[in-house]
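Take a look at the letters that make up each chain.
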Protein chains: 4
Amino acid sequence: MPRSPATDAGKLAVSGDRAAFIDRIKRVRAATVSLTDGLIPEDMTIQSMPDVSPTKWHLAHTTWFFETFVLIPHGGARPFHPHYGYLFNSYYEAAGARHPRPERGLIARPSVADVVAYRDSVDDALIAFVGTASGDAWAKTASLIELGLHHEEQHQELILMDIKHVLSQTPLNPVYRAAQPRAARETPAANYVAFDGGKCEIGHAGAGFAFDNECPRHAVWLQPFALMDRLVTCGEYLDFIADGGYRRPELWLSDGWAAVQSQNWHGPLYWRETEDGGSRVFTLHGERALDPAEPVVNVSHYEADAYARWAGARLPTEFEWEHAAVNVGAADDAARPCAVHPAAAQGSDRLCQLFGEVWQWTASAYLPYPGFKTSSGAVGEYNGKFMSNQVVLRGSAAITPPGHARATYRNFFPPHARWCFGGIRLAREV
Amino acid sequence: MPRSPATDAGKLAVSGDRAAFIDRIKRVRAATVSLTDGLIPEDMTIQSMPDVSPTKWHLAHTTWFFETFVLIPHGGARPFHPHYGYLFNSYYEAAGARHPRPERGLIARPSVADVVAYRDSVDDALIAFVGTASGDAWAKTASLIELGLHHEEQHQELILMDIKHVLSQTPLNPVYRAAQPRAARETPAANYVAFDGGKCEIGHAGAGFAFDNECPRHAVWLQPFALMDRLVTCGEYLDFIADGGYRRPELWLSDGWAAVQSQNWHGPLYWRETEDGGSRVFTLHGERALDPAEPVVNVSHYEADAYARWAGARLPTEFEWEHAAVNVGAADDAARPCAVHPAAAQGSDRLCQLFGEVWQWTASAYLPYPGFKTSSGAVGEYNGKFMSNQVVLRGSAAITPPGHARATYRNFFPPHARWCFGGIRLAREV
Amino acid sequence: MPRSPATDAGKLAVSGDRAAFIDRIKRVRAATVSLTDGLIPEDMTIQSMPDVSPTKWHLAHTTWFFETFVLIPHGGARPFHPHYGYLFNSYYEAAGARHPRPERGLIARPSVADVVAYRDSVDDALIAFVGTASGDAWAKTASLIELGLHHEEQHQELILMDIKHVLSQTPLNPVYRAAQPRAARETPAANYVAFDGGKCEIGHAGAGFAFDNECPRHAVWLQPFALMDRLVTCGEYLDFIADGGYRRPELWLSDGWAAVQSQNWHGPLYWRETEDGGSRVFTLHGERALDPAEPVVNVSHYEADAYARWAGARLPTEFEWEHAAVNVGAADDAARPCAVHPAAAQGSDRLCQLFGEVWQWTASAYLPYPGFKTSSGAVGEYNGKFMSNQVVLRGSAAITPPGHARATYRNFFPPHARWCFGGIRLAREV
Amino acid sequence: MPRSPATDAGKLAVSGDRAAFIDRIKRVRAATVSLTDGLIPEDMTIQSMPDVSPTKWHLAHTTWFFETFVLIPHGGARPFHPHYGYLFNSYYEAAGARHPRPERGLIARPSVADVVAYRDSVDDALIAFVGTASGDAWAKTASLIELGLHHEEQHQELILMDIKHVLSQTPLNPVYRAAQPRAARETPAANYVAFDGGKCEIGHAGAGFAFDNECPRHAVWLQPFALMDRLVTCGEYLDFIADGGYRRPELWLSDGWAAVQSQNWHGPLYWRETEDGGSRVFTLHGERALDPAEPVVNVSHYEADAYARWAGARLPTEFEWEHAAVNVGAADDAARPCAVHPAAAQGSDRLCQLFGEVWQWTASAYLPYPGFKTSSGAVGEYNGKFMSNQVVLRGSAAITPPGHARATYRNFFPPHARWCFGGIRLAREV
């Protein structure tokens, strides 16, 4: 996931109304806490694999961000606790030594209650700071706070990704959120939408917040291509499995086939076979029967790529995806309801499901755009250094906070990652 | 740790007063729960290494024992929960499939509160069963319940071993129990007590409960030997370290030296160096300055053996230890107060600190006595199958429930284990 | 390294003179054997790490290729030995079960002499086949044999990469080939050559052999860029090390920094520090003093990338490299002498050292070109399936057989690989 | 395997005839080289697993022993090669840094021919030294040379253990030595021979060479016991397998069952199932059909223990074995022919197959005898430091040099080791 802002990303915040900005801080910070409704301290302490962090850690880390990058250097604050800087730094080499990531689940104390007290204390100080900072202090920190809010939204998604993995470990199948009743949907036929290609402009242009990895805007040359107008469904993915998808090496990238064998993959991460051969799936609504019309989710890039090969298609490049999304006037990421699980497509005569269901694995390695520059200082430490062995995903997922993503947004994960909400949209030559 | 009873171990229980037995059940079961005073759910969920189990798991597993071996087969009970049999079986192959040991810390649910409800339900049923069982049912189950209580006492010790390790992981240095003020003690000079050896009888004889691995009683032939009258202290162990103890391969068993290097050992498990070269130690009383008069604890067999070699002595065999303990009329394990950390020796003219401070690593591999037979059924599955690659410890520790151990008791752990409360008593040829 | 031919790659062979073709077969096959001059069976048996194959294995595998894909299916041949098909298949899932790659060094028999007999037998049969095949059989096999020769050339390079690693393991520092005396050279100043970018055609065009991953030829859009006119030298790399290059995380990709720490990298693979702080390097000429004017070699992509960041530059993309190489009329890869170690640059007013010294790590992930299609059948199994987690290198190395590479050639290795002959050429924005 | 001499072990040598001693040196050294008949350099270079050493290494290491402990300190010799001390030290911490054991198979040079030259040079110097040493020098070195010869005999056995493992890796099934035709034998019925036990003397007494771990002689007290008069056969072991031996956890020690599962054991190390369900076995005579009358060999202690439990018996302790062997007047280890594979038992009315077929796993952990002292200096470094996590084997094997073993000899290996020639003799209570 991207972390550092484009260099002009703070302009919006600086020029805005501070009272409105305080409201926004309160809304974003409260939204994070509301994700813990129904969770107990036991849930929020566990690290179920090295990639997962305990909910408790996310609550503290997002707070540490504001304390470390805003309040201490610019607000004259003292650290809330002498050990929290060590415990809740994630990956910033420039911000000092830090607790090893795979051991986040070994930390009994601070308790969840202690962490909530930490949040409250930092929130109070941050709101006071925004309300009273001099114009100079404000000019230096507005973009950092803006960044901190986008960073917090990313952790809102991570909290949901991670708690899904945690809750999936116990055979008791807990329900995180009750599902709303939904009418069964037929899967609409898939159509390909064609694009001419040629010289296309890619990347963030000017207005609004963006991460540094979306910049600079630049030209690429695309060959003509076509994109499937909806996501690949669970029913279609069942066909792939039934056709020996996980037993045929010729369908897989070499590293993908090695993962299939060494990790004994037989289907997407949370799919479970019943004794009578049926398929169930663990979701944040609990375990339930597989709905063939829903988009497939929690597959790796390797699985997405193998599926595409089996289907006689391929994955789109990130440039194809962005060009299409921009040019068809994709529905806004902000204009959708919250959810914890993706929904089936409705019939449509245009590209749909670009946002708000599942991130879409692309064929593109995560690499810098021509002329890419990282932000200076610790907050610039993220996006550049992960530009190796990772794959770009585009769009957004049901668990992405509405309004967080955009057509130029570049999400990224290693190709074997399955706990992120990655799914599949197909492309092909014209 | 031993688990299965000697074959006649239930006689005591069968012939006793059922009302008194019910009182004892209540006392033992309540003592387990009282160990959780001051712990929060976060503490009780964590598995800080594969050997450690979460407190929550111990609370449930000891309950599962009575449910699985007594209430379901003999009391007509239905399982309290369909998944608990899988989750809370520890190692009994004969009792069905079980949750992998290294993943006990991944189980968010059942919550601590759910487990307490499980305990309460099984306690009620067990007490009702004991009060109303027919003579026949009682004859079949009394020894199993007796075993279950000794098993529960073992887990009381494990809960303390394990929570010490869990709490040691966070830099916040929590205090599990406040320490009582103690007057500083001078370390008394160490003397060796000599024994003639010859033909000696070893093992459990007749009366009272014992585990199967203490039987059968049999003769061994001992050469003359001498035993140090007190335990090795932290101050003496500091001398060993200062003399290059952890840097001199000639002092170590080959596997011990490999452990020193691969695990980067520089001192006992919970010792910590301060920046100015001082020594502190994490205990269940929190982190504090090292007391040179206290017995050294949380060392492995390898460290005990290396220390002995450095000191020009050796570790006693388990037969020497038992012979000495029986013949000097060792103070009873039951006649001591509870504690969570060992105390310094007082001057004495006889063998002291045999019980109640630290388990004493012996030179003996954990092997069956001549004519050893395991109990039949799942409860007999433990002691025999661990008779490989383990070393015997004798005595008992501060955290052992008073009255649990005895002179013939054979505790055992792998030679690299440091989280058990193992310490050092020296022996030598005469 | 690439393996499968572009779909029209056999045309050249089919239309050529068979007698000349037989000469070429003899030359290529003899060149492979000549690489073993001075090696003893002990050298040729060892697999010094999983990526390395024994020389003996390379000799047999390149032979197996002709036997399996040409002589058995098209020439009616019987396998030379019933077990060789299993032992000497490298990675072709479609060609049946195969011996595990990391265990190639466990195979005592067949002996080197047995493998040479296998080579001789297959050579005789292949030459007879080419001389006598019907027009139809020839049309089916010419491109396969052509491919087999390019494949064999790749293994000639692998034999040298691998034996360098094998011989570096013993403290006896064997000399594989005596070095010719060379006059010391001054390092010429580095200049950047600028290019305008814009719409550029990339990939193999029409005539001559190429691998499938060089196709199809297609347009890309390049921003203006500049390329350093020579390779980075050992002397410059020493400055990077002296400036803390291997101790400063901010210079490294995240995965690169993890490799530095976990594998304890302090310099390029074969560099050795002497006790007085001098630098020596193991080469196929034996161990010798580091020559500051020579190009640095045996660095990983991570090291190349960190060096470039330290130098305030970046690595070129593979498209920038190819565009530059094509447009400056790069000296032909075939027009250079054989060598086993790269040579220092001579002063020049143009891009030099593009070929024949060290492969040049690019900033490009190894991915398919738009419209890429794999060849059908087992021989098409290679290039496509490795398009994940690998990085493209361009140019060629001293150990690449002259004439093997070309401006469109795409070599590839994982970013951590150091035993391949990877070096550094810098690029920057204009 | 034991390595250090009992403290008086050199007396024999000192007092003997030097010319006869020189003859013995020549015989033992030549016997080692004769084991390489029929091996090629490829065979002698490979390390097929970390426990195995290349033949080449054994040839050099046994030579290094005489050079390092005799010729350099006592004969004024210069090292033959500056790197051999590092390369061919096995485990002697006191003899300086050494090449890592698991990397012995990565050493291409010195070649086999170089090592043979090293042997010849050291042999010449050693023989000259023995012929001309002053009485004082002789008194200091005779026991070291004597030890070196016993050490060399141990490596003769290791060469055969190791080359069997190496040759078993290739599907070509090489024949190391052609088998002599043998008449098929019926397996004689097994009988138990009873012993009274009581106070028994154990350990080496006075005359002749012994290793330090056989001392001091001391009393033990044995309960009455009985020993099977012959070894367990392959046919009997087939019955164990057919009865689900490798699928029933209740038959196994816990660590043994873990080994069965993690290493996927289905039978002894070199047993192979044919496609039609038959059993074949790889031997130093090549692969051949299993002979049910032969003793089972290449089983671990875990398998021996599980077999014994299945058979309603147990393994003998090392004291029971020695007491029986001494008291029945066991046939001398020296009075048997050389062989590379064990032979079936012939009918007998006494304990047979004690020596010369397979080492017999005991129930005894490898621990020091009461009063055990290691030899001083580097040569005393072996036996003591391995007294942890190892199990004693008694007797000797077909591949043990005749005359090497004796009734008090204590061989030892970790309980999971299968490449040593361990087999099974049963014991039981009377």
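Just so it is clear, the model here is predicted, and its values are computed rather than measured.

### Quick word on the relation of the copies chain B and chain A
Here chain B sits on chain A after a turn of 180° about the axis and a move of 0.0 Å along it, with an RMSD of 0.0 Å. The transformation relating the two chain copies, once decomposed into turn and shift, fits a two-fold axis. Most of the interface of chain B is mirrored in chain A: 100% of its interface residues are interface residues there too.

### Remarks on helix α2 (residues 18-34) of chain D
Residues and elements named next belong to chain D. End to end, α2 covers 24 Å across 17 residues, agreeing with the expected 24 Å (1.5 Å per residue, within 8%). For α2, the set of buried residues is F21, I22, I25, V28, R29 and T32. Summarising the axial view, the buried residues of α2 lie within an arc of 130°, below the 170-degree limit, and thus occupy one face. With a side-chain oxygen positioned 2.8 Å from the backbone nitrogen of A19, the residue opening α2 is D17.

### So, the relation of the copies chain C and chain D
A rotation about an axis combined with a shift along that same axis relates the two copies of the chain. At an RMSD of 0.0 Å, chain C and chain D line up after a rotation of 180° and a shift of 0.0 Å along the axis. Residue by residue, 100% of the interface of chain C is reproduced at the interface of chain D, so both copies engage with the same surface.

### Considering the environment of N298 of chain D
Residue and element names in this part refer to chain D. Turning to its location among the elements, N298 is positioned in the loop between β7 (286-289) and α10 (301-310). Taking the C-alpha atoms as reference points, N298 and G422, separated by 124 residues in sequence, lie 5.3 Å from one another. Only 3.4 Å separates the side chain of N298 from the backbone oxygen of W419, close enough to count as a polar contact.

### Section: the interface of chain C and chain D
With 28 residues of chain C in contact, the opposing surface of chain D contributes 28 residues. In this assembly, chain C packs against chain D so that about 2,400 Å² is buried in total across both faces, 67% of it on carbon and sulfur atoms. Counting across the interface, chain C meets chain D through two salt bridges. One salt bridge connects R109 of chain D with D43 of chain C, and the closest N-O pair in it is separated by 2.6 Å. The interface formed by chain C and chain D contains eight residue pairs in polar contact (both at pLDDT 80 or more). Those elements that provide at least two residues to the side of chain C that touches chain D are α3 (41-45) and α7 (135-167) of chain C. Element by element, the count of residues in the side of chain C that touches chain D is highest for α3 of chain C, at four residues. For the side of chain C that touches chain D, a count of residues per class yields 14 nonpolar, ten polar and four charged.

### Considering unusual backbone geometry
Going from R109 of chain A to P110 of chain A, the amide bond is cis rather than trans, its omega being 5°. Here P110 of chain A shows up in the loop between α5 (84-88) and α6 (112-132). The step from C215 of chain B to P216 of chain B runs through a cis peptide bond, and the omega angle for that step is -5°. Looking at where P216 of chain B falls in the secondary structure, it is placed in the loop between β2 (198-202) and β3 (218-222). For N264 of chain B, which is not a glycine, the phi torsion comes out positive at approximately 60°. With respect to the secondary-structure elements, N264 of chain B resides in the loop between α9 (254-262) and β5 (271-273).

### Here we look at the sheet that holds strand β1 (residues 192-195) of chain A
All names here are of chain A. The antiparallel open sheet is built from three strands, whose spatial order is β1-β4-β12. In this open sheet, the two edge strands, each paired with only one partner strand, are β1 and β12 (427-429). Strand-to-strand twist of the sheet, defined as the mean angle between neighbouring strand axes without regard to direction, takes the value 25°. Against the sheet, helix α11 (residues 318-327) contacts β1, β4 (225-228) and β12, and its axis sits at roughly 75° relative to β4.

### Re the arrangement of the chains
With no contact between them, chain B and chain C keep their nearest C-alpha atoms 14 Å apart. A gap remains between chain A and chain D, with no contact made and the closest C-alpha atoms lying 14 Å from each other.

### Brief notes about the domain arrangement of chain A
By convention, interface size is frequently given as the accessible area that disappears when the constituent parts associate. Residue and element names in this part refer to chain A. Looking at chain A, the domain boundaries give domain 1 (9-168) and domain 2 (192-429). Placing the centre of domain 1 and that of domain 2 at their C-alpha centroids yields a distance of 27 Å. Every contact between the two is made by 26 residues of domain 1 and, on the other side, 27 residues of domain 2. For the domain 1 and domain 2 pair, buried surface summed over both sides reaches about 2,500 Å², with 70% attributable to carbon and sulfur atoms. Three residues, E157, M161 and K164, lead the burial of domain 1 against domain 2; their summed loss comes to 29% of the area buried on that side. The tally of links between domain 1 and domain 2 comes to zero salt bridges. Across the contact surface, domain 1 and domain 2 share eight residue pairs in polar contact (both at pLDDT 80 or more). Elements represented by at least two residues in the side of domain 1 that touches domain 2 include exactly α4 (55-75) and α7 (135-167).

Calculation criteria
- Residues numbered from 1 in each chain as written.
- Chains lettered and ligands numbered in written order.
- Predicted model: local features only at pLDDT ≥ 70, side-chain atom pairs only at ≥ 80, totals over all residues.
- Heavy atoms only, no water.
- Least-squares fit on C-alpha atoms with pLDDT ≥ 70 in both.
- Contact = heavy atoms within 4.5 Å.
- Helix = DSSP H or I, 4+ residues; strand = E, 2+ residues; numbered from the N terminus.
- Expected span 1.5 Å × (residues − 1).
- Buried < 20%, exposed > 50% of the residue type's maximum accessible area, 1.4 Å probe, protein only.
- Arc of directions from axis to C-beta.
- Polar contact = N/O pair within 3.5 Å; in protein donor to acceptor, adjacent residues only side chain to side chain.
- Buried area = accessible area lost by both parts, 1.4 Å probe.
- Salt bridge = Lys/Arg side-chain N within 4 Å of Asp/Glu carboxyl O.
- Nonpolar A, V, L, I, M, F, W, Y, C, P; charged D, E, K, R; others polar.
- Pairing = 2+ DSSP bridges.
- Axes fitted to C-alpha atoms, helices over the stretch in contact; angles between N-to-C directions.
- Domains from an automatic or database assignment.

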